[in-house]
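# Observations on the three-dimensional arrangement
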Amino acid sequence: MLSVLIVGSGGREHALAWACQRASGINRVVVVPGNPGIRQAGVETIPVDLADLEAVCRIADQAACSLIVIGPEAPLVGGLADHLRARGHQVLGPSRLAARLEGSKAYAKAVMASCGVPTARFATVSSSQALEAAIDRFQGNVALKADGLAQGKGVWIASDLQDARQAGGRWLGTFGSLVVEERLTGPEISVHALVCGDAVVALPLARDYKRRFDRDLGPNTGGMGAVAPVASSISAADLVDLAIAPVARHLTAQGSPFQGVLYAGLMLTPDGPRVLEYNVRFGDPETEVLLPLLPPDAPEWLMAAATGRLEQAGPLPVATDQAVGVVVVANGYPTAQAPPQPIAFRTQGRGELLFWSGVAGDERHLLAGSGRVATAVGVGPTHAEARAAAYRLAESIHFSGSAYRRDIGTEPQVTSQP
Ligand code: AMP
Ligand code: GLY
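No experiment lies behind these values; they were computed from the predicted model shown.

## Here's the deal with the environment of Tyr278
- Relative to the assigned elements, Tyr278 resides in strand 17 (residues 272-279).
- For Tyr278, a relative accessible area of 2% gives the class buried.
- The spatial distance from the C-alpha of Tyr278 to the C-alpha of Lys105 is 8.5 Å, given a sequence separation of 173 residues.
- When near neighbours in sequence (up to four residues on either side) are disregarded, Tyr278 contacts Leu101, Glu102, Ala108, Met112, Val117, Ala243, Val247, Leu262, Tyr263 and Ala264.

Shown next as structure tokens:
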């Protein structure tokens, strides 16, 4: 029997815990620090400050689980996987060096350039002269990207030349260096793969709805909803060959092999797919719609990736179901804080899965926090049934100031407006 420790506290980690709980070969699932909603769902949690990597390692030593899955990017970029592996743990999560693919946009662009992955043309600038030259080169049609982790707030899509110059100047002052990218248009798609060295196993394609309001308006958020699988002219396997496998081989050749989940965010432009970014972990809320499509023994593939046996595990069988996830947020998200509010909710019905994220209080009295509160997932044989189930569940979650997008699961807007 296996035991699994999951690091993180959001809907992604709740979905991972759910997937491990339903696997017959797993007898213990622990989430650190988790949240009261995850506890309410019957999963063991242990409080810890994720910024304190040594404290996380001590808990992992005590829990002595067979597999550790690291959810969020910050501990990965900080080297948590290296610390845990040095203490003998089996970990799904890349090393600090490999995690630079997400931690540094400039590094990710350099890797893409050296392994021929199609991406937007770009320049990395650290002076006002270089900034101006890059903006002029793309006639002001640019996306500006801060180099470090920015929790979805590190990209500025310029509306015109003047906006590009003003925002560029401001950001250069704040961040010291920037990636200036040509602005692309087209629908976005997420491809996730389990990676261990050169071995890669594709997950179904997913789509994340990043903007706060319906019709893709308003500020970027961590994600307001997701769907999977996504019908596309290019298959998940082909996108993995294009965007994931070359990077995996490159990192192995450089002596920092990737071991974990690599997720590429792409735009399907009229000139073909272009990678916008890499994430070195499962997406949130994509995980909440991907895991329900996988078989109950899916954690065996996670274990295989963590222990160097991914090649032998073969492709992941995927159900023919559809999944839609609607994120319920607190009033003011992502710009303003809201005071904690009591939550009322009902038991989930058939084809409904509820994953908690920004909740406080205790398991008997959940309080909505100030960000993303829960992801209501519907799973069904058709997209329409999955979508109806997700919205039925989202509507049943009540707290003062609750909000969600009404258009999750509809076709995305094809232009990315500022
Ligand atoms: P990223 O953090 O790089 O994924 O960017 C966040 C969002 O900004 C993406 O999901 C896109 O909607 C948008 N974006 C990023 N890069 C570009 C680009 N080169 N052109 C147009 N939109 C972009
Ligand atoms: N859904 C976007 C992310 O996880 O970064």
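Right, picking up where we left off after that structure.
## Quick word on empty space enclosed by the protein
- As enumerated under the stated definition, the model contains four cavities of 30 Å³ or more in all.
- Considered as a void within the structure, the largest cavity measures approximately 40 Å³ in volume.
- Lining the largest cavity we find Glu188, Ile189, Ser190, Arg207, Asp208, Lys210 and Gly265.
- Elements with a minimum of two residues in the lining of the largest cavity: strand 10 (188-196) and strand 12 (207-208).
- A total of three residues in the lining of the largest cavity trace back to one element, the largest contributor, which is strand 10.
- For the lining of the largest cavity, the residue count by class is one nonpolar, two polar and four charged.

## Comments concerning the site of ligand 2
- Taken together, Asp208, Gly222, Tyr263, Asn279, Arg281, Gly283, Asp284, Pro285 and Glu286 make up the full set of residues near ligand 2.
- The contact in question runs from an oxygen atom of ligand 2 to an N or O atom on the side chain of Arg281, over 2.8 Å.
- Between an oxygen atom of ligand 2 and a main-chain N or O atom of Asp284, the distance comes to 3.0 Å.
- Protein coverage of the free-state accessible area of ligand 2, which is 200 Å², stands at 88%.
- Classifying every residue of the shell around ligand 2 gives two nonpolar, three polar and four charged.

## Here's the deal with the pairing of strand 7 (residues 142-146)
- In terms of residue burial, strand 7 counts as a mostly covered element, since five of its five residues are buried.
- Going residue by residue along strand 7, you find Val142, Leu144 and Ala146 tucked away on one face and Ala143 and Lys145 tucked away on the opposite face as well.
- In this sheet, strand 9 (residues 178-182) lies alongside strand 7 in antiparallel orientation, the contact comprising five bridges. Within the sheet, the bridge partner assigned to Leu144 lies in strand 9 and is Val180.
- Of the strand pairs in this sheet, strand 7 and strand 8 (residues 155-157) are connected by three bridges, and their pairing is antiparallel. Bridging across to strand 8, Leu144 finds its partner in Trp156.

Basis of the calculations
- Residues numbered from 1 in each chain as written.
- Chains lettered and ligands numbered in written order.
- Predicted model: local features only at pLDDT ≥ 70, side-chain atom pairs only at ≥ 80, totals over all residues.
- Heavy atoms only, no water.
- Helix = DSSP H or I, 4+ residues; strand = E, 2+ residues; numbered from the N terminus.
- Buried < 20%, exposed > 50% of the residue type's maximum accessible area, 1.4 Å probe, protein only.
- Contact = heavy atoms within 4.5 Å.
- 1 Å grid on protein atoms, 1.4 Å probe; cavity = no way out; pocket = protein on both sides within 12 Å on 5 of 7 lines; lining within 4 Å.
- Points joined across faces, edges and corners; volume = space filled by probe spheres on them.
- Nonpolar A, V, L, I, M, F, W, Y, C, P; charged D, E, K, R; others polar.
- Near = heavy atom within 4 Å.
- Polar contact = N/O pair within 3.5 Å; in protein donor to acceptor, adjacent residues only side chain to side chain.
- Areas by Shrake-Rupley, 256 points an atom, 1.4 Å probe, with all protein chains shown as cover.
- Pairing = 2+ DSSP bridges.

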